[in-house]
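Close look at the chain arrangement
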Amino acid sequence: MARKVIIAGNWKMNKTASEGKALVEELKPLVSEVTEAEIVVCPTFTTISTVVEAAAGSNIKVGSQNIHWAESGAFTGEISAVMLKEAGVEYAIIGHSERRQYFGETDVTVNQRLKAALAANLIPIVCIGETLEEREGGKTEKVLFTQLEGGLADITAEQIGGIVIAYEPVWAIGTGKTATPEMAEETHNYIRCQLKDMFGDAAEAVRIQYGGSMKPENSAELVAQKNIDGGLIGGASLKAESFADLIKNAIA
Ligand code: PEP
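Everything numeric in this text was worked out from a predicted model, so none of it was measured.

Details of the overall build of the protein chain
In terms of regular secondary structure, the protein chain is built from 11 helices and eight strands. Taken over C-alpha atoms, the radius of gyration comes to 17 Å for the protein chain, in line with the 18 Å a tight globule of 252 residues would show. With respect to the three principal axes, the spread of C-alpha positions in the protein chain is 45 × 45 × 35 Å. Within the protein chain, buried positions represent 52% of all 252 residues. Within the structure as shown, the protein chain displays about 11,200 Å² of accessible surface, and the carbon and sulfur contribution to it stands at 52%.

Spelled out as structure tokens, the structure:
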């Protein structure tokens, strides 16, 4: 099954609104001819509306880096899916390893956020991945299985095709260490098999991104793998030229 490549830039806590606007203005002409990949940028909450405006009419879509599971209420400091939707957001990163590591994110809260994203018609990008200790301890598959089982609880076969999974080995995020294409493909294939067990043939439609030090130099080889359908990009998405080169190499 042909799955459309999806490349998303996770800006993390970088870029003020004016810096984000400048980045998108620079990126637009560099990727305007790209039709083979969905391009998404995920700014901070305060930068979202400026970036939505700057990206309007282009092939660049906007995502958030998190969402809360409730629609509204007494949750100081949080932002709901419906609020983001109204601001022009179309995608939501959920369960990034930094949220799991620093902000107490669990598979249960990932699942709650996922359901809220789907209810608001946002395309969720659900992050999973093992730490170095877990990989070295031979626990990668067990960890991914648990994250998939908990994170995707109650999701139906009808819904699964609209969910993007980002496989991000934690040891490869921001470290310059990338999983080799073969190593990444082996894990992506494992994820696809688990999704098939859970959802049957509908799993074929799920896009599984790779994340972890993807850059212009390695995006082609990674995305060429059978079960790697794009990338979730941190560092290399912060400069228009490197993000554009990474995208173009990935679909070349
Ligand atoms: C990320 O944080 O999702 C990520 C993949 O970061 P980097 O590309 O910098 O490793």
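Now, onward.
Remarks on the nonpolar core
The nonpolar side chains of a soluble globular protein tend to be buried with one another. Of all hydrophobic cores here, the largest spans 64 residues; its most connected members are Ile 165, Ile 191 and Leu 195. For this core, the element with the most residues is helix H11 (residues 240-251), which contributes six residues. Those residues in contact with Leu 195, other than ones at most four positions away along the chain, are Leu 148, Leu 152, Ile 165, Gly 200, Ala 203, Val 206 and Ile 208. Judged by nonpolar contacts, the second largest core, of 11 residues, contains Ala 8, Ile 125, Val 164 and Ala 166.

A closer look at the environment of Pro 216
Mapped onto the fold, Pro 216 is located in the loop between strand E7 (207-211) and helix H10 (219-223). On the accessibility criterion, Pro 216 (16% relative accessible area) is buried. Expressed as a C-alpha distance, the spacing of Pro 216 and Thr 131, which sit 85 residues apart in the sequence, is 24 Å. Residues in contact with Pro 216, not counting those within four places in the same chain, are Ala 236, Ser 242, Asp 245, Leu 246 and Asn 249.

A closer look at a negative patch on the surface
A cluster of acidic residues, Glu 26, Glu 217, Glu 241 and Asp 245, forms a negative patch on the protein surface. Structurally, the position occupied by Glu 217 is in the loop between E7 and H10.

With respect to H11
Taking 1.5 Å per residue, 12 residues should reach 16 Å; H11 reaches 17 Å between its end C-alpha atoms and fits that length. For H11, the set of buried residues is Ala 240, Ser 242, Phe 243, Ala 244, Leu 246, Ile 247 and Ala 250. Of the surrounding elements, those touching the buried residues of H11 are strand E1 (5-10), helix H1 (17-31), strand E2 (37-42), H10 and strand E8 (230-233).

With respect to helix H9 (residues 181-199)
Three- or four-residue spacings in an α-helix give side chains the same orientation, since the helix completes a turn every 3.6 residues. Between its first and last C-alpha atoms H9 spans 26 Å; for 19 residues at 1.5 Å apiece the expected length is 27 Å, and the two agree. Three or more residues of H9 are buried, namely Pro 181, Ala 184, Glu 185, Thr 187, His 188, Tyr 190, Ile 191, Arg 192, Gln 194, Leu 195 and Phe 199. At the exit of H9 stands Gly 200, carrying a positive phi of roughly 70°.

As for the site of the ligand
Neighbouring the ligand are 14 residues, the closest being Lys 12, Glu 168, Gly 174, Ser 213 and Gly 234. Residue Lys 12 places a side-chain N or O atom 2.5 Å away from an oxygen atom belonging to the ligand. One nitrogen or oxygen atom from the side chain of His 96 is found 2.8 Å from an oxygen atom belonging to the ligand. When the free accessible area of the ligand is taken as 290 Å², the share hidden by the protein chains comes to 95%. Classifying every residue of the shell around the ligand gives four nonpolar, eight polar and two charged.

A closer look at the packing of aromatic side chains
The tally for this structure, following the rule as stated, stands at two aromatic pairs. Both rings, one in Tyr 102 and one in Phe 103, keep their centres 6.4 Å apart while their planes meet at 80°; by these two values the pair is edge-to-face. Phe 103 matches Tyr 102 in its accessibility class, with the two residues each being exposed. The ring of Phe 103 has Arg 99 sitting right over it, with the charged end atom 4.2 Å from the ring centre.

A word on the pattern of salt bridges
For the coordinates displayed, the defined rule picks out 11 salt bridges. Its salt-bridge partner being Glu 98, residue Lys 12 comes within 2.8 Å of it at the nearest N-O pair. Placement of Lys 12 in the loop between E1 and H1 and of Glu 98 in helix H4 (residues 97-102) is noted, with a sequence separation of 86 residues between them. On the accessibility criterion, Glu 98 (24% relative accessible area) is partly exposed. Between Arg 207 and Glu 38 there is a salt bridge, and its shortest N-O distance comes to 2.8 Å. In this pair, Arg 207 sits in strand E7 while Glu 38 sits in strand E2, placing the two residues 169 residues apart along the sequence. Under the relative-accessibility criterion, Arg 207 is labelled buried at 12%. We classify Glu 38 as buried; its relative accessible area is 18%. Overlapping salt bridges bring together Arg 3, Arg 192, Lys 196, Glu 204 and Asp 229 as one network.

Definitions and cut-offs
- Chains are numbered independently. Their residues run from 1 in the order of the written sequence.
- Only residues with pLDDT of at least 70 are given local features in this predicted model, and only at 80 or more are side-chain atom pairs given and counted; all residues enter the totals for whole chains, interfaces and linings.
- Here the side-chain values reflect all heavy atoms present in the structure, with hydrogen atoms and water set aside.
- Starting at the N terminus, helices and strands are each numbered in turn, a helix being any DSSP run of H or I of at least four residues and a strand any DSSP run of E of at least two.
- When we talk radius of gyration, it's over C-alpha atoms, and the globule rule is simply 2.2 Å times the number of residues to the 0.38.
- The rule is simple: take the accessible area with a 1.4 Å probe, protein chains only, and divide by the maximum for that residue type; under 20% is buried, over 50% is exposed, in between is partly exposed.
- Computed with the Shrake-Rupley method and a 1.4 Å probe, the accessible areas treat only the protein chains shown as cover for residues.
- Nonpolar cores are built from buried Ala, Val, Leu, Ile, Met, Phe, Trp, Tyr and Cys residues. Side-chain atoms within 4.5 Å join them into one set.
- Contacts: residue pairs with any heavy atoms within 4.5 Å of one another.
- The residues that make up patches have over 30% relative accessible area and no salt bridge, and they are joined within 9 Å when like-charged or within 5 Å when they are Val, Leu, Ile, Met, Phe, Trp or Tyr.
- The rule for a salt bridge is simple: a side-chain nitrogen of Lys or Arg has to be within 4 Å of a carboxyl oxygen of Asp or Glu.
- Only four residue types enter the charge count: Lys and Arg as positive, Asp and Glu as negative, with His and the chain ends excluded.
- By convention, charge coordinates are those of NZ in Lys, CZ in Arg, CG in Asp, or CD in Glu.
- Every helix has an expected span of 1.5 Å times one less than the residues it contains.
- A single heavy atom is enough: if one lies within 4 Å of a molecule or strand, its residue is considered near that molecule or strand.
- Polar contact criterion, stated in full: a pair of N or O atoms within 3.5 Å, where within protein one must be able to donate a hydrogen and the other to accept it, and residues adjacent in sequence count only if both atoms are side-chain atoms.
- Residue classes follow a fixed rule: Ala, Val, Leu, Ile, Met, Phe, Trp, Tyr, Cys and Pro count as nonpolar, while Asp, Glu, Lys and Arg count as charged, and any other residue, Gly among them, counts as polar.
- Side-chain rings of Phe, Tyr and Trp (the six-membered ring for Trp) are treated as a pair once their centres are within 6.5 Å; stacked means planes under 30 degrees apart, edge-to-face means over 60, and tilted covers the remaining angles.
- Two conditions define a charge sitting above a ring: the NZ of Lys or the CZ of Arg must be within 6 Å of the ring centre, and it must be within 35 degrees of the ring normal.

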